[in-house]
Amino acid sequence: QVQVVESGGGLVHAGGSLRLSCTASMSIHTIYQMAWYRQAPGKQRELVASINKGGLTDYLPSVKGRFTISRISGDTVKNTVNLQMDNLEPEDTAVYYCNVLSTPVSFNYWGQGTQVTVSR
């Protein structure tokens with residue numbers, strides 16, 4: 001059974017940094033894309049950053065230049081992607097979820113989420 005586990009959330013002051021990690025218990029050969037989403041209270045879940053197996057990345061415009069998603073690294077058992085978040089703003093406060101899109105059968109796997117809180 002596939003497990004997706006996030007870590008690294010916490011409380012930080014504005015201007016600070018956090019690094020989120022996501023580990024998926026699945027083979028690199030069955031991963032098409034790994035991504036980070038976030039959901040703030042009362043708002044819809046939104047895509048923050050994604051990277052596919054070819055290394056192509058996509059970012060939410062408001063985080064470009066501040067957040068960096070790493071390449072997918074791992075093996076046939078588990079794989080990891082990180083999200084480096086610098087110059088954090090209070091508006092970045094949300095629960096951050098890791099998402100894995102599988103291949104060749106397209107299925108979305110989700111982690112349980114990790115809270116990121118940025119104080120003013």
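In this text the structure is predicted, and so the values were computed from the model without any measurement.

Undergrad: Is there a simple way to explain the nonpolar core in this structure?
TA: Generally speaking, a soluble globular protein has its nonpolar side chains buried in company with each other. Met34, Trp36, Leu83, Met85 and Tyr96 are the most contacted members of the largest nonpolar core, which has 30 residues in total. Of all the elements in the fold, those that place two or more residues in this core are strand E3 (18-24), strand E4 (31-39), strand E5 (46-52), strand E7 (67-69), strand E9 (79-85), strand E10 (94-102) and strand E12 (114-119). When residues no more than four places from it in sequence are discounted, the contact partners of Leu83 are Leu18, Arg19, Leu20, Trp36, Val48, Ala49, Phe67, Thr68, Ile69 and Tyr96.

Undergrad: Mind showing me how you'd approach the layout of surface pockets here?
TA: Once rolled over the atoms, a probe with the size of a water molecule shows which space is left empty. Its boundaries defined by the atoms lining it, the largest pocket holds a volume of some 180 Å³. In terms of lining residues, the largest pocket is bounded by 14 residues, among which Arg38, Ala40, Lys43, Glu46 and Glu91 are the most central.

Undergrad: I keep staring at the state of the cysteines and nothing clicks. Help me out?
TA: The tally for this structure, following the rule as stated, stands at one disulfide. Here Cys22 connects covalently by a disulfide to Cys98, the sulfurs 2.0 Å from one another. Here the disulfide of Cys22 and Cys98 is left-handed, its torsion about the S-S bond being about -80°. With Cys22 in strand E3 and Cys98 in strand E10, the pair connects residues that are 76 residues apart, well separated along the chain. Taken as a pair, Cys22 and Cys98 share a single burial class, namely buried.

Undergrad: Help me understand the side chain of Asn82, please; the structure alone is not making it clear to me.
TA: Turning to its location among the elements, Asn82 is positioned in strand E9. A polar contact of 2.7 Å, which involves the side chain of Asn82, links it to the side chain of Ser21. Beyond its immediate chain neighbours, meaning those up to four positions away, Asn82 contacts Arg19, Leu20, Ser21, Trp36, Thr68, Ile69 and Ser70.

Undergrad: Would you mind showing me how to read unusual backbone geometry here?
TA: Most peptide bonds take the trans configuration, and most residues that are not glycine carry a negative phi. The omega angle of the peptide bond from Thr103 to Pro104 is 0°, so this bond is cis rather than trans. Locating Pro104 in the fold gives a position in the loop between E10 and strand E11 (108-110). In this structure, Asn87 is a non-glycine residue whose phi angle is positive, near 50°. A residue is classified by how much of its surface remains accessible, and Asn87, at 44% relative accessible area, is partly exposed.

Undergrad: Would you mind showing me how to read the pattern of salt bridges here?
TA: When charged atoms on two side chains of opposite charge get close, those side chains can pair. Per the stated rule, a full pass over the model turns up five salt bridges. Of the charged contacts in the structure, one is a salt bridge between Arg38 and Glu46, with a shortest N-O distance of 2.8 Å. Of the residues examined, Glu46 reaches a relative accessible area of 30% and is grouped as partly exposed. For Arg66, the salt bridge goes to Glu89, with nearest N and O atoms at 3.8 Å. With a gap of 23 residues between them, Arg66 in the loop between strand E6 (57-59) and E7 and Glu89 in the loop between E9 and E10 connect regions that are remote in the sequence. Among the residues examined, Glu89 registers a relative accessible area of 31% and is labelled partly exposed. One salt-bridge network, held together by shared partners, links Arg38, Glu46, Arg66, Glu89 and Asp92.

Undergrad: Looking at this structure, how should I read the packing of aromatic side chains?
TA: For any pair of aromatic rings, geometry is given as the distance between the ring centres together with the angle between the planes. Across all of its chains, the model carries two aromatic pairs by this definition. Note on Tyr37 and Trp110: the rings are 5.0 Å apart at their centroids and 65° apart in plane angle, and the pair reads as edge-to-face. Placement of the pair is Tyr37 in strand E4 and Trp110 in strand E11, with a sequence separation of 73 residues. Overall, Trp110 belongs to the partly exposed group, its relative accessible area being 36%. If you follow Arg45 out to its NZ or CZ, it ends over the ring of Tyr97, 3.8 Å from the centre. Over the ring of Trp110 we find Arg45; its NZ or CZ atom is 4.7 Å from the centre of that ring.

Quick notes on the rules
Residues numbered from 1 in each chain as written. Predicted model: local features only at pLDDT ≥ 70, side-chain atom pairs only at ≥ 80, totals over all residues. Heavy atoms only, no water. Core = buried A, V, L, I, M, F, W, Y, C linked by side-chain atoms within 4.5 Å. Buried < 20%, exposed > 50% of the residue type's maximum accessible area, 1.4 Å probe, protein only. Helix = DSSP H or I, 4+ residues; strand = E, 2+ residues; numbered from the N terminus. Contact = heavy atoms within 4.5 Å. 1 Å grid on protein atoms, 1.4 Å probe; cavity = no way out; pocket = protein on both sides within 12 Å on 5 of 7 lines; lining within 4 Å. Points joined across faces, edges and corners; volume = space filled by probe spheres on them. Disulfide = S-S within 2.5 Å. Polar contact = N/O pair within 3.5 Å; in protein donor to acceptor, adjacent residues only side chain to side chain. Salt bridge = Lys/Arg side-chain N within 4 Å of Asp/Glu carboxyl O. Phe/Tyr/Trp six-rings, centres within 6.5 Å; stacked < 30°, edge-to-face > 60°. Lys NZ or Arg CZ within 6 Å of the ring centre and 35° of its normal.

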